[in-house]
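# Descriptive structure summary
What follows is each chain in one-letter form.
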Amino acid sequence: MKKNLTLLLIAISFSMFAQRTCSTMDKLHEKMIADPNFAAHHQEVMDFIQNPNNSQSLFQKGPNSPTVVVTIPVVFHVLYKNATQNISDAQINSQLDVLNKDYRKLNTDFNSVVPAAFRPLGSDMEIVFCKAARTPAGVASTGITRKSVGSSFVFENSYFLAAGEPAWDTTKYLNIWIGRFTDNTLLGFAYLPSSAGDSNDGLCIGDQYFGTTGTATAPFNKGRTGTHEIGHYFGLDHPWGNDGSACNSTANSDGVTDTPATNNPYFGCPTFPDNTNACASSTNGSMFMNYMDYVDDACMAFFTAGQKTIMQNTLAGPRLSLLSSNGCAALGLDQFEAIKAIAVYPNPVSKYFMITSPQVAIDEVEIFNALGQLVKTQKLSQTNNVISVEEFESGTYYLRIYNQGQFIKSDKVIKK
């Protein structure tokens, strides 16, 4: 009897473990509750990056232009409670290899996993990842930090605090924390671009779902949890939207035109075609094999062209500063002088916008109304600067941006 009960408990535990769970939206909602003003900022950033009409000159190229590939410096923070959780360099390298294949559409399972009907939508994200070769202070680095934490350490809440490992400059590095979650149903989470520059910004992931070797455990041992969560980091939503909801509701939209709308996630390895969660039944059914769904690692294999547009809008806006990082010992993007541009987003704006200057020093902005009257002056001290215009009347406002009294750039924003 005891043996049967033990087997039952193991079966229940495995059933819970075998379904993908991502806490990105839970963390987003926690942040909104803690800071009510953040919700408006988040929505404006998402509206900006999801708008396909926000053509970003940083990535515009003619038919004969070379491919634009950006390099993102990554630092891996290993937080372990025992020797097993202190994962090997080989396991870290295996995850990096997966990311570099998945984000360049070089994964060997693309043709076997993605049905022929969806293959034309598959897209090379033109993003590669490298282990940071130097710290923010310029000291040579392997791109990996390791720290032993106590048995009571709550990884999902404290990973970025002093008890864990504080982030390297999140405007210049993608920080990835690897550890063991207290909640054993959780695989990982990442923060969306509205949190760019925050101290907890990056990817937090369980070691059992990281990479393809070592402690990585089936069915999440092909590195796709990292691919999925970093998709969030670059602005992608789940195919069913914020929380999943009844179809014909804006809440279940991911803002991507070429991912068929669904109202719930898919799990396991469905058989194509499947219309179970489709908002509109069709011959091809749902795109459950997209990296942003919840299927097993072996059953997800691509991003779409529409998702690429969002990532490029993110890299030309909220995460522009990553492109000027020298964390890999070279600029992330050296093909275009446009990297020196100062980004102003979102635009139009209702409450507040951001001024991001990843390479050019700036320290002040003046804002003028349509009559040429100076209505606001604000000091700028960060790479990403928040400018409140909530008190402004609707209309067009003109910006003059300075550094030490020298004029740097003019721009404009539209207040809704």
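The present account deals with the structure reproduced in this document.

Criteria and thresholds
Residues numbered from 1 in each chain as written. Predicted model: local features only at pLDDT ≥ 70, side-chain atom pairs only at ≥ 80, totals over all residues. Heavy atoms only, no water. Helix = DSSP H or I, 4+ residues; strand = E, 2+ residues; numbered from the N terminus. Buried < 20%, exposed > 50% of the residue type's maximum accessible area, 1.4 Å probe, protein only. Contact = heavy atoms within 4.5 Å. Salt bridge = Lys/Arg side-chain N within 4 Å of Asp/Glu carboxyl O. Phe/Tyr/Trp six-rings, centres within 6.5 Å; stacked < 30°, edge-to-face > 60°. Core = buried A, V, L, I, M, F, W, Y, C linked by side-chain atoms within 4.5 Å. 1 Å grid on protein atoms, 1.4 Å probe; cavity = no way out; pocket = protein on both sides within 12 Å on 5 of 7 lines; lining within 4 Å. Points joined across faces, edges and corners; volume = space filled by probe spheres on them. Nonpolar A, V, L, I, M, F, W, Y, C, P; charged D, E, K, R; others polar. Pairing = 2+ DSSP bridges. Axes fitted to C-alpha atoms, helices over the stretch in contact; angles between N-to-C directions. Disulfide = S-S within 2.5 Å.

### Some points on the overall build of the protein
Within the protein one finds eight helices and 13 strands. By the burial criterion, 54% of the 416 residues in the protein qualify as buried. Excluding contacts between residues fewer than 6 apart, the proportion of contacts in the protein whose partners are at least 24 apart in sequence is 68%.

### Some remarks on the pattern of salt bridges
As enumerated under the stated definition, the model contains 14 salt bridges in all. With a shortest N-O distance of 3.9 Å, Lys-27 and Glu-30 are connected by a salt bridge. You can see Lys-27 and its partner Glu-30 sitting in helix 2 (residues 24-34), three residues apart, about one turn around the helix. Take Glu-30: its relative accessible area is 45%, and that puts it in the partly exposed class. A single salt-bridge network, built from bridges that share partners, covers Asp-102, Asp-109 and Arg-224.

### Details of the side chain of Thr-215
Within the secondary structure layout, Thr-215 lies in the loop between strand 6 (203-206) and helix 7 (224-233). Note on Thr-215: relative accessible area 16%, which makes it buried.

### Description of the packing of aromatic side chains
The tally for this structure, following the rule as stated, stands at 23 aromatic pairs. Ring centres of Tyr-159 and Trp-177 lie 4.7 Å apart, and the angle between their planes is 65°; this geometry places the pair in the edge-to-face category. Linking Tyr-159 in the loop between helix 6 (155-158) and strand 4 (174-179) with Trp-177 in strand 4, this pair joins segments that are 18 residues apart in sequence. With centroids separated by 4.9 Å and ring planes inclined at 80°, the aromatic side chains of Trp-240 and Tyr-294 adopt a geometry described as edge-to-face. Here the residue Trp-240 occupies a position in the loop between helix 7 and helix 8 (305-315), and Tyr-294 occupies one in the loop between helix 7 and helix 8, the gap between them amounting to 54 residues. Judged on exposure class, the residue Trp-240 and its partner Tyr-294 are both buried. Following the ring pairs from residue to residue traces out a cluster consisting of Phe-155, Tyr-159, Phe-160, Trp-177, Phe-181, Phe-189 and Tyr-191.

### Things to note about the nonpolar core
Core analysis: the biggest nonpolar cluster contains 59 residues, and Ile-72, Tyr-103, Ile-127, Phe-129, Ile-176 and Phe-234 have the highest contact counts within it. For this core, the leading source of residues is strand 1 (residues 70-80), giving six residues. Contact partners of Phe-129, with chain neighbours within four places excluded, come to Ile-72, Val-74, Leu-96, Leu-99, Asn-100, Tyr-103, Leu-174, Ile-230 and Phe-234. Judged by nonpolar contacts, the second largest core, of 16 residues, contains Phe-353, Ile-355, Ile-401 and Val-413.

### Here's the deal with helix 8
Taken across its eleven residues, helix 8 has nine buried, putting it largely inside the fold. Three or more residues of helix 8 are buried, namely Gly-306, Gln-307, Lys-308, Ile-310, Met-311, Gln-312, Asn-313, Thr-314 and Leu-315. Considering only its buried residues, helix 8 is in contact with helix 3 (36-49), strand 1, strand 2 (127-131) and helix 7.

### What about the layout of surface pockets?
A probe matching the size of a water molecule, rolled over the atoms, marks out where space remains unfilled. One number sums up the size of the second largest pocket: a volume of about 280 Å³. Broken down by secondary-structure element, the contributors of at least two residues to the lining of the second largest pocket are helix 2, helix 3, strand 8 (352-356) and strand 11 (384-388). Looking at the lining of the second largest pocket, the element that brings in the most residues is helix 3, giving three residues. Residue composition of the lining of the second largest pocket, by class: six nonpolar, five polar and four charged.

### Notes on the sheet that holds strand 11
Picture the strands of a sheet paired through backbone hydrogen bonds; they go either parallel or antiparallel. Taking strand neighbours across the sheet as the criterion, the three strands line up as 7-8-11 in an open arrangement whose pairing is antiparallel. The sheet is open, and its two borders are formed by strand 7 (343-345) and strand 11, each paired with just one other strand. This sheet shows a mean twist of 20° between the axes of neighbouring strands, independent of strand direction. As paired elements, strand 8 and strand 11 share five bridges and run antiparallel to each other. From the neighbouring strand, Thr-356 faces strand 11, where its bridge partner is Asn-384. Against the sheet, helix 3 makes contact with strand 7 and strand 8, and its axis sits at roughly 60° relative to strand 8, the strand it touches most.

### Focus: the state of the cysteines
Working definition: the covalent bond between the sulfur atoms of two cysteines is a disulfide. Counted under the stated rule, the structure contains three disulfides. Residue Cys-130 pairs covalently with Cys-328 via a disulfide, S to S 1.4 Å. Given an S-S torsion of about 40°, the disulfide between Cys-130 and Cys-328 has right-handed geometry. With Cys-130 in strand 2 and Cys-328 in the loop between helix 8 and strand 7, this pair connects stretches of sequence that are 198 residues apart. Residue classification places Cys-328 among the partly exposed residues on the basis of a relative accessible area of 21%.

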